[in-house]
Amino acid sequence: MADITPVLERADANLPKSLDRLFDLVRIKSISTDPAFKAECHTAAEWLVAELNALGFTASVRETPGHPMVVAHHVGARANAPHVLFYGHYDVQPVDPLNLWDAPPFEPAIREIEPGRKVITGRGTSDDKGQLMTFLEAVRAYKEVNDALPCRITILFEGEEESGSPSLKPFLEANAAELKADYALVCDTSMWDSETPAISAGLRGLVGEEIVIKAADRDLHSGYFGGAAANPIHILTDILAGLHDETGRITLENFYDGVEETPAQIKAAWDTLGQTAEKFLGQVGLSIPSGEKGRSVLELTWARPTAEVNGITGGYTGDGFKTVIAAQASAKVSFRLVGKQDPAKIREAFRAYARSKVPADCSVEFHPHGGSPAIHLPYDSSLLNTAKMALSDEWPKPAVVIGMGGSIPIVGDFQRMLGIESLLVGFGLSDDRIHSPNEKYELASFHKGIRSWIRILDALAA
Ligand SMILES: [Zn+2]
């Protein structure tokens, strides 16, 4: 591996100009959800294309039915180095309520918020313009020093991430051959804290299911029929209550097939992060973990599957009182999946279990509401461990591999439509106020983020 010190030094020297360029991009009001800013979204895409072309990429604005994509290609110098696809988004959230901003949202500035701690303020500084510019500036430093890039790079910037990405799937489908790479680098996530970089490796999957229990052919008087006629609310709540045993485990047949125990060294790393049930649940007024006993809140939300009842209806719930036995009752139930749990099998196991609890003279209906498997970079993946070491070289504390309780659609789209895995690395902090007034990005996130990508690209290419 070549010595990257000169490249890191170049990034340091470039920093004032790198900030100027970020400020130029932040000044463009690329609010994707508001049609009034359609032209500005286009301007942002054109600005990026001009920057990328100046860096030696072959870049173009690619029109879609909505806001355009930016696609750019650059060859790499090292034979056998991987081909990476970098993803970010140039669109931003609306800025209202404007009166809550301490400074105009599209006039970026650097402010010292406490001694020695400087932040870049403005809409999009963290989500996601500051983040995507860390990569561009890393590429710039590399190019300036070596006159080449360490590996082949394709860039995809979208302009509709903040408004549901309606054009993304069709675009990936139509351009799959062009965008296909060995893996994707996605820069739209956060660090664990200001000293600890994070790689988000696990995204839980989801199965949504609505269940409707039907009993009598009409609502009944509970004095006349009560005690003899089946009550669908009782049947339903019995089904729902039986989903967990007294240890918090889910009782469905073969539910835990494909769920692996988190490796001990990963759990040990999570234990060093200082997260406790009191802290995590305290922010919502709770303190006692629910779910499986004997597992930390990080493990419960990052690495374990769940069954949750999200809504339940039935009978009379209006003012006053009505002594009725309802004709039907329903609930919406969702399962978060991990590992190799199969959404179709989980759905079938739930249905079989529910059917077994319904009396022969009643009926049950199911309505599916989507299903997607979990996505997980294996803990022993070389992509993950190379990035982990590169990040640990840059930051005060070693990088931590974390999970995410929810899902990030782009990662699933890349996997399904391009057949590639994604490495999620970002330098945001949880207090960046993304989507809110007074969004900021730490100056250290921007500067060390640039240096981090230099290290990651170099390590991946080696
Ligand atoms: Zn974002």
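Please read all numbers here as calculations on a predicted model, not as lab measurements. (Residues numbered from 1 in each chain as written. Predicted model: local features only at pLDDT ≥ 70, side-chain atom pairs only at ≥ 80, totals over all residues. Heavy atoms only, no water.)

(A) Local environment of the sheet that holds strand E18 (residues 440–442). Spatial strand order, E4-E5-E18: three strands in an open sheet with antiparallel pairing. Both outer strands of the open sheet, strand E4 (109–114) and E18, are each paired with one neighbouring strand and no more. Between one strand and the next, the sheet's axes are offset by a mean angle of 40°, whatever the strand orientation. Judged from the five bridges that link them, E4 and strand E5 (residues 117–121) form a sheet pairing that is antiparallel. Paired with Ala109 across the two strands is Thr121, which belongs to E5. (Pairing = 2+ DSSP bridges. Helix = DSSP H or I, 4+ residues; strand = E, 2+ residues; numbered from the N terminus. Axes fitted to C-alpha atoms, helices over the stretch in contact; angles between N-to-C directions.)

(B) Structural context of the domain arrangement of the protein chain. As assigned here, the protein chain comprises domain 1 (5–203 + 374–461) and domain 2 (205–259 + 305–372). When each unit is reduced to the centre of its C-alpha atoms, the spacing between domain 1 and domain 2 is 42 Å. Listed per partner, the contact involves four residues of domain 1 and six residues of domain 2. Roughly 330 Å² is buried in total at the junction of domain 1 and domain 2, and carbon and sulfur atoms are behind 46% of that figure. For the interface between domain 1 and domain 2, the tally reads zero salt bridges. Counting across the interface, domain 1 meets domain 2 through zero residue pairs in polar contact (both at pLDDT 80 or more). Counted by class, the side of domain 1 that touches domain 2 contains two nonpolar, two polar and no charged residues. (Domains from an automatic or database assignment. Contact = heavy atoms within 4.5 Å. Buried area = accessible area lost by both parts, 1.4 Å probe. Salt bridge = Lys/Arg side-chain N within 4 Å of Asp/Glu carboxyl O. Polar contact = N/O pair within 3.5 Å; in protein donor to acceptor, adjacent residues only side chain to side chain. Nonpolar A, V, L, I, M, F, W, Y, C, P; charged D, E, K, R; others polar.)

(C) Representation of the environment of Ala349. Inspection of the secondary structure assignment puts Ala349 in helix H10 (residues 343–356). For Ala349, a relative accessible area of 16% translates into the label buried. Spatially, the C-alpha atom of Ala349 lies 39 Å from that of Phe86, the residues being 263 residues apart in sequence. Once you skip the residues sitting within four places of it in the chain, Ala349 turns out to touch Leu252 and Glu253. (Buried < 20%, exposed > 50% of the residue type's maximum accessible area, 1.4 Å probe, protein only.)

(D) Fine view of the sheet that holds strand E9 (residues 205–214). The four strands are arranged E11-E13-E9-E14 in an open sheet whose pairing can be described as antiparallel. Of all strands in the sheet, those bounded by a partner on one side alone are strand E11 (306–314) and strand E14 (363–372). Geometrically, the sheet is characterised by an average inter-axis angle of 15° between neighbouring strands, direction not taken into account. Sheet analysis places E9 next to E14, joined by eight bridges and oriented antiparallel. Residue pairing across strands places Val207 opposite Gly371, the latter belonging to E14. Against the sheet, helix H6 (residues 232–241) engages E9, E11 and strand E13 (328–337), with an angle of about 15° to E13.

(E) Layout of the coordination of the zinc ion. Surrounding the zinc ion are the protein donor atoms His89 (NE2), Asp127 (OD), Asp188 (OD) and Asp188 (OD), at 1.9 to 2.5 Å. Taken together, the four donor atoms surrounding the zinc ion define angles of 53 to 148° at the centre, an arrangement classified as irregular. Sequence spacing among the residues donating to the zinc ion works out to H-x37-D-x60-D. Residue Asp127 is located in the loop between E5 and helix H3 (129–146), and its partner Asp188 is located in the loop between strand E7 (183–186) and strand E8 (198–203); the two are separated by 61 residues in the primary sequence. Note on Asp127: relative accessible area 7%, which makes it buried. Among the residues examined, Asp188 registers a relative accessible area of 24% and is labelled partly exposed. (Donors = N, O, S within 2.8 Å, 3.2 Å for Na, K, Ca; no water. Tetrahedral: all angles 85-135°; square planar, octahedral: opposite > 155°, others 65-115°.)

(F) How the structure looks around the environment of Phe135. As for its position among the elements, Phe135 is in helix H3. Taking the relative accessible area as the measure of exposure, Phe135 reaches 0% and is therefore buried. With 293 residues separating them along the chain, Phe135 and Gly428 place their C-alpha atoms 14 Å apart. Setting aside chain neighbours within four positions, we find Phe135 in contact with Phe86, Ile153, Ile155, Leu185, Trp453 and Leu457.

(G) Fine view of the packing of aromatic side chains. Evaluation of the coordinates by the stated rule reveals 14 aromatic pairs. Judged by centre distance (5.7 Å) and plane angle (90°), the rings of Phe86 and Trp453 are edge-to-face. Remark: Trp453 occurs in helix H13 (residues 443–461) and Phe86 occurs in strand E3 (residues 83–89); sequence separation between them is 367 residues. A single burial state applies to Phe86 and to Trp453, both of which are buried. (Phe/Tyr/Trp six-rings, centres within 6.5 Å; stacked < 30°, edge-to-face > 60°.)

(H) Looking closely at the nonpolar core. Judged by nonpolar contacts, the single largest core of 71 residues is most densely connected at Ile153, Ile155, Phe157, Leu185, Trp453 and Ile454. It is H13 that contributes the most residues to this core, ten residues altogether. When sequence neighbours within four positions are dropped, the list of residues in contact with Phe157 reads Leu48, Leu52, Pro68, Met69, Val70, Phe86, Gly88, Tyr90, Leu132 and Leu136. With 29 residues, the next largest nonpolar core counts Ile213, Leu240, Leu337 and Ile346 among its residues. (Core = buried A, V, L, I, M, F, W, Y, C linked by side-chain atoms within 4.5 Å.)

(I) A look at unusual backbone geometry. Here the amide bond leading from Asp96 into Pro97 is cis, since omega sits at 0°, within 30 degrees of zero. Turning to its location among the elements, Pro97 is positioned in the loop between E3 and E4. Of note, the amide linkage connecting Asp127 to Asp128 takes the cis form, showing an omega dihedral of 5°. When you line up the elements, Asp128 lands in the loop between E5 and H3. A positive phi angle, near 60°, is found at Asp147, a position not held by glycine. One can find Asp147 in the loop between H3 and strand E6 (152–158). The backbone of His435 shows a phi angle near 70°, a positive value even though the residue is not glycine.

(J) Local environment of the side chain of Glu210. By secondary structure assignment, the location of Glu210 is in strand E9. A distance of 3.2 Å separates polar atoms of two side chains, one belonging to Glu210 and the other to Lys332. Apart from residues lying up to four places away in sequence, Glu210 is in contact with Ala331, Lys332, Glu365, Phe366, His367 and His369.

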